[in-house]
Amino acid sequence: WKLAASLAAVIVLLTFSFFRERALRDEAQEAALRAEAVSGFLAELVSSADPARAQGSDVTVLEVLDRAEQQLTESDELSDRPAVEAEVRLVLGRTYRALGRVENAQSQLETALELSGGIGSASPTALNAGDLLGRLSGTGIDRRESLMKWVLDTRLREFGPEHEDTLDAMSGLA
């Protein structure tokens, strides 16, 4: 009887481990597909600055970003892949922010946040978009504070107080 109970327990543990491993593998495959799609979109975007495609004119980073923003708005290329679109818009928002284009950055980051689950989501894309929005001068003070608190609370819960992203969120509220 003890042997049967032990054997049943081992079978349950092995079954649980199998399904957990499969879920982790599926999650990793999905992340790899998302990364590949984002990379492909951005590679296509950057290749638009190729002199052969640009018909001999110089192309600025800002023109490439504006073209990408227009392509995302006018095309349904990524409409069935919101996680990919959110990551692309996060990259655009981060780059617009670095170039001082606050309105463009805010628009892209708000969309990235919405597409990745909004406030309350623990997705890395949502947290990064929220963090950048919270630090953006064009975002109202109350909104900035609520975004930074949400990012900090979520990162504390997900990563703990010593994690680099948590410490970065702490500095954003200081």
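My aim in this report is to walk through the structure given alongside it, one point at a time. (Residues numbered from 1 in each chain as written. Predicted model: local features only at pLDDT ≥ 70, side-chain atom pairs only at ≥ 80, totals over all residues. Heavy atoms only, no water.)

**A look at the overall build of the chain**
- Tallying secondary structure elements over the chain gives seven helices and zero strands in all.
- Taken from the N to the C terminus, the helices and strands of the chain come in the order α-α-α-α-α-α-α.
- Each of the 174 residues in the chain was classed as buried or not, and the buried ones make up 29%.
- In the chain, once contacts between residues fewer than 6 apart in sequence are set aside, the share between residues at least 24 apart is 52%.
- Per element, the accessible surface of the chain, about 10,700 Å² overall, is 56% carbon and sulfur. (Helix = DSSP H or I, 4+ residues; strand = E, 2+ residues; numbered from the N terminus. Buried < 20%, exposed > 50% of the residue type's maximum accessible area, 1.4 Å probe, protein only. Contact = heavy atoms within 4.5 Å. Areas by Shrake-Rupley, 256 points an atom, 1.4 Å probe, with all protein chains shown as cover.)

**So, the pattern of salt bridges**
- Going through the model one piece at a time under the given rule, you end up with six salt bridges.
- With a closest N to O distance of 2.8 Å, arginine 89 and glutamate 85 form a salt bridge. With a gap of four residues between them, arginine 89 and glutamate 85 both fall in helix H3 (residues 82–98), about one helical turn apart. Each member of the pair, arginine 89 as well as glutamate 85, is classed as buried. (Salt bridge = Lys/Arg side-chain N within 4 Å of Asp/Glu carboxyl O.)

**Brief notes about the nonpolar core**
- Residues Leu90, Leu92, Leu109, Leu113, Leu133 and Trp150 are the most contacted members of the largest nonpolar core, which totals 23 residues.
- Taken together, the elements giving at least two residues each to this core come down to helix H2 (61–74), H3, helix H4 (102–115), helix H5 (124–134) and helix H6 (141–159).
- Apart from the residues lying within four places of it in its own chain, the contact partners of leucine 109 are Leu90, Gly93, Arg94, Ala129, Leu132, Leu133 and Leu136. (Core = buried A, V, L, I, M, F, W, Y, C linked by side-chain atoms within 4.5 Å.)

**Structural notes on the environment of proline 161**
- Along the chain, proline 161 turns up in the loop between H6 and helix H7 (164–173).
- Ignoring sequence-local partners within four residues, the contact set of proline 161 consists of Leu156, Thr166, Leu167 and Met170.

**Observations concerning the side chain of glutamate 69**
- Mapped onto the elements of the fold, glutamate 69 is located in helix H2.
- Buried within the structure, glutamate 69 lacks any salt-bridge partner; arginine 89 is the closest side chain of opposite charge, at an N-O distance of 5.7 Å.
- Setting aside residues no more than four positions away along its own chain, glutamate 69 makes contact with Leu92, Tyr96, Asn104, Ser107 and Gln108. (Lys, Arg positive; Asp, Glu negative; His and termini not counted.)

**Description of H5**
- Within H5, nine of the eleven residues are buried, which leaves the element mostly enclosed by the surrounding structure.
- Restricting attention to buried positions, one finds in H5 the residues Thr125, Ala126, Leu127, Ala129, Gly130, Asp131, Leu132, Leu133 and Gly134.
- Those residues of H5 hidden inside the fold are in contact with H3, H4, H6 and H7.

**Some details on the packing of H4 against H5**
- At a closest axis distance of 8 Å, the pairing of H4 and H5 adopts a crossing angle of 150°. The handedness of the crossing between H4 and H5 is left-handed. Together, Gln106, Leu109, Glu110, Ala112 and Leu113 of H4 and Ala126, Ala129, Gly130, Leu132 and Leu133 of H5 make up the contact between the two elements.
- Across the contact of H4 with H5, the residue classes tally to seven nonpolar, two polar and one charged. (Axes fitted to C-alpha atoms, helices over the stretch in contact; angles between N-to-C directions. Left-handed = near helix turned anticlockwise from the far one by under 90°. Nonpolar A, V, L, I, M, F, W, Y, C, P; charged D, E, K, R; others polar.)

**Some thoughts on the side chain of threonine 154**
- With respect to the element layout, threonine 154 can be found in helix H6.
- By relative accessible area, which is 2% here, threonine 154 ends up buried.
- A polar contact is formed between the side chain of threonine 154 and the backbone oxygen of tryptophan 150, at a distance of 2.8 Å.
- In contact with threonine 154, not counting residues within four places along its chain, are Ser121, Ala122 and Leu127. (Polar contact = N/O pair within 3.5 Å; in protein donor to acceptor, adjacent residues only side chain to side chain.)

**Details of a nonpolar patch on the surface**
- Taken together, the side chains of Leu156, Leu167 and Met170 present a nonpolar region at the surface, about 220 Å² in accessible area.
- Position of leucine 156 relative to the elements: it lies in helix H6. (Patch = residues over 30% accessible without salt bridge, like charges linked within 9 Å, V, L, I, M, F, W, Y side chains within 5 Å.)

**Brief notes about H4**
- In this model, H4 (14 residues) spans 20 Å end to end at C-alpha, consistent with the 20 Å of a helix rising 1.5 Å per residue.
- Within H4, burial applies to Asn104, Ala105, Gln108, Leu109, Ala112 and Leu113. Around the axis of H4, the buried residues are gathered within 160° of arc, so they sit on the same side. For H4, the exposed residues set more than 90 degrees away from the buried face come down to Glu103 and Glu114.
- Buried-residue contacts for H4 involve H2, H3, H5 and H6. (Expected span 1.5 Å × (residues − 1). Arc of directions from axis to C-beta.)

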